[in-house]
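If you want the building blocks of each chain, they are given just below.
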Amino acid sequence: MRQQSYRKPEGEDGVSDFEGLKALVTGGASGIGRVTARLLAERGARVAVLDLDPSGVEKPLLGYRADVGDDACVREAVAAAVAELGGLDVLVNNAGIGALGTVEDNDDAEWHRVLDVNVVGMVRTSRAALPHLRRSSHAAVVNTCSIAATAGLPQRALYSATKGAVYSLTLAMAADHVREGIRVNCVNPGTADTPWVGRLLGASDDPAAERAALEARQPTGRLVSAAEVAGAIAYLASPLSGATTGTSLAVDGGMQGLRLRPEGPR
Ligand SMILES: NC(=O)c1ccc[n+]([C@@H]2O[C@H](COP(=O)([O-])OP(=O)(O)OC[C@H]3O[C@@H](n4cnc5c(N)ncnc54)[C@H](O)[C@@H]3O)[C@@H](O)[C@H]2O)c1
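Residues numbered from 1 in each chain as written. Predicted model: local features only at pLDDT ≥ 70, side-chain atom pairs only at ≥ 80, totals over all residues. Heavy atoms only, no water.

K.L.:
Just to check I follow, could you spell out the site of the ligand for this structure?
P.N.:
In the region of the ligand, 29 residues are neighbours, and Ser 30, Asp 51, Tyr 159, Ala 192 and Thr 194 sit closest. Between the ligand and Asn 94, the relevant distance is 2.8 Å, taken from an oxygen atom to a main-chain nitrogen or oxygen of the residue. Bound to the protein, the ligand loses 93% of the 820 Å² it would expose on its own. Elements with a minimum of two residues in the shell around the ligand: helix H1 (31–42), helix H4 (157–177) and helix H5 (195–203). Top contributing element to the shell around the ligand by residue count: H5, with four residues. Across the shell around the ligand, the residue classes break down as 15 nonpolar, 10 polar and four charged. (Near = heavy atom within 4 Å. Polar contact = N/O pair within 3.5 Å; in protein donor to acceptor, adjacent residues only side chain to side chain. Areas by Shrake-Rupley, 256 points an atom, 1.4 Å probe, with all protein chains shown as cover. Helix = DSSP H or I, 4+ residues; strand = E, 2+ residues; numbered from the N terminus. Nonpolar A, V, L, I, M, F, W, Y, C, P; charged D, E, K, R; others polar.)

Structure (structure tokens):
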């Protein structure tokens, strides 16, 4: 079994635990992926972003246009990114899309499309990345899953099914690759304040009321920030968490684990 060695954080202003490491973040042009790519770079990594639209990706990040729904395109982009980075240590499988409704609301084509992007997309990037990750002494994969994998949310049948699959895929991959020295974990965000949720709110009849309802659903009474999810992804990807594999880390304002009584007398 390959052993990952412990690395001490360095640097005066913050940790530089990713110094010398190379990372690839899918869906890294917006929201959680964007903040994650920047954070890994700040902490010393060379970072490539793979996205449908990488036009806004700024240096020092490298941007690659790719659709995780297209295997040839993913292979080409991963190969190009790894060549430019000079290797690969960290893969963040973050690209994903949403779907609304109950099981009655999405047709077969929509089920296939969303499963294809959210689940098979992670399979495609992982498949392309694994040969490179095997050469790393600090290899880590972090999948962006969701609270929807572990809690029943209304009007999210298809989306939840994809994230449930991501959760199980994370565990299976962690088992398959632990002896190769590759750790695999996932983060489970609650509702996070990203352009995605902005679009959701914008499409509702009463965005302010919808936002208030989403905030009230989380015990902290607010949405999760992209930075808070990025911090959790960086934790799981870091060589500092070399003993952590096959876990899911909830970043959900307490939504999964807590059962509060209504405000008032205890
Ligand atoms: N925002 C939330 O409340 C929330 C909660 C839980 C989980 N998540 C998950 O976090 C991840 C990121 O969400 P976000 O809120 O930052 O969304 P976002 O829409 O702000 O960003 C998603 C990024 O993925 C890219 N993308 C979408 N489809 C792609 C494809 N086929 N190929 C390549 N790139 C593609 C988009 O171009 C975009 O840059 C998703 O997997 C989502 O399911 C989000």
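K.L.:
How should the pairing of strand E5 (residues 139–144) be read in this particular structure?
P.N.:
Two faces belong to every sheet, and in a regular strand the side chains alternate between them. Taken across its six residues, E5 has six buried, putting it largely inside the fold. Along E5, one buried face is formed by Ala 139, Val 141 and Asn 143 and the opposite face, lined by Ala 140, Val 142 and Thr 144, is buried too. With four bridges connecting them, strand E4 (residues 90–93) and E5 associate as parallel partners. Within E5, the position partnered with Leu 91 by the bridge is Val 141. Note that the unit made of E4, helix H3 (residues 108–133) and E5 has a crossover that is right-handed. Bridge count between E5 and strand E6 (residues 182–189): six bridges; the pairing is parallel. Bridge pairing in E6 places Val 141 opposite Val 184. Running through H4, the crossover from E5 to the neighbouring parallel element E6 is right-handed. (Buried < 20%, exposed > 50% of the residue type's maximum accessible area, 1.4 Å probe, protein only. Pairing = 2+ DSSP bridges. Right-handed = clockwise from strand over helix to strand, strands pointing away.)

K.L.:
Could you clarify how one ought to interpret the side chain of Asn 94 in this entry?
P.N.:
Within the secondary structure, Asn 94 is located in the loop between E4 and H3. A distance of 3.3 Å separates the side chain of Asn 94 from the backbone oxygen of Gly 27, its partner in a polar contact. Other than its neighbours up to four places away in sequence, Asn 94 contacts Thr 26, Gly 27, Ile 32, Gly 33 and Thr 144. (Contact = heavy atoms within 4.5 Å.)

K.L.:
Teacher, can you tell me more about the state of the cysteines here?
P.N.:
Across all of its chains, the model carries zero disulfides by this definition. Just so you know, Cys 186 is unpaired, no disulfide at all, and the nearest cysteine sulfur is the one on Cys 145, 4.5 Å from it. A relative accessible area of 0% means that Cys 186 is categorised as buried. (Disulfide = S-S within 2.5 Å.)

K.L.:
Help me understand the packing of helix H2 (residues 71–85) against H3, please; the structure alone is not making it clear to me.
P.N.:
How two helices sit against one another is set out by the angle between their axes and by the gap between those axes. Close contact between H2 and H3 brings their axes to 9 Å; oriented N to C, the two are set at 35°. Once H2 is placed against H3, the crossing between them reads as right-handed. Contacts between H2 and H3 involve Asp 71, Val 74, Arg 75, Val 78 and Val 82 on the former and, on the latter, Arg 124, Thr 125, Arg 127, Ala 128, Ala 129 and His 132. Each residue belonging to the contact of H2 with H3 can be placed in one class, and the counts come to five nonpolar, two polar and four charged. (Axes fitted to C-alpha atoms, helices over the stretch in contact; angles between N-to-C directions. Left-handed = near helix turned anticlockwise from the far one by under 90°.)

K.L.:
Can you walk me through the pattern of salt bridges in this structure?
P.N.:
Opposite charge on two side chains allows them to pair when their charged atoms are near. The tally for this structure, following the rule as stated, stands at nine salt bridges. Of the charged contacts, one joins Asp 17 and Arg 43 as a salt bridge, the two residues approaching to 2.9 Å between their closest N and O atoms. On the criterion of sequence distance, the pair formed by Asp 17 in the segment before strand E1 (22–26) and Arg 43 in the loop between H1 and strand E2 (46–51) is long-range, its members being 26 residues apart. Of the two residues, Asp 17 and Arg 43, both sit in the buried class. Taking the shortest distance from any N to any O, the salt bridge between Arg 113 and Glu 110 comes out at 3.2 Å. (Salt bridge = Lys/Arg side-chain N within 4 Å of Asp/Glu carboxyl O.)

K.L.:
Could you clarify how one ought to interpret the pairing of E6 in this entry?
P.N.:
The element E6 is extensively covered by neighbouring structure, given that eight of its eight residues are classed as buried. Of the two faces of E6, the one holding Ile 182, Val 184, Cys 186 and Asn 188 and the one holding Arg 183, Asn 185, Val 187 and Pro 189 are both buried throughout. Sheet topology note: the E6/strand E9 (residues 248–251) ladder contains four bridges and is parallel. The residue bridging Pro 189 from the neighbouring strand is Val 251, located in E9.

K.L.:
Explain the sheet that holds E1 here, please?
P.N.:
Through backbone hydrogen bonds, the strands of a sheet pair up, either in parallel or in antiparallel fashion. With parallel pairing, the seven strands of this open sheet are ordered in space as E3-E2-E1-E4-E5-E6-E9. Pairing within the sheet leaves two strands with one partner each, and these edge strands are strand E3 (62–65) and E9. Strand-to-strand twist in this sheet, taken as the mean axis angle between neighbours without regard to direction, amounts to 20°. Those strands touched by H3 are E1, E4, E5 and E6, and its axis lies near 180° from that of E4. Helix-sheet contacts for H4 involve E5, E6 and E9, and the interaxial angle to E6 is about 160°.

Purely geometric stuff here, so don't read any function into it on its own.
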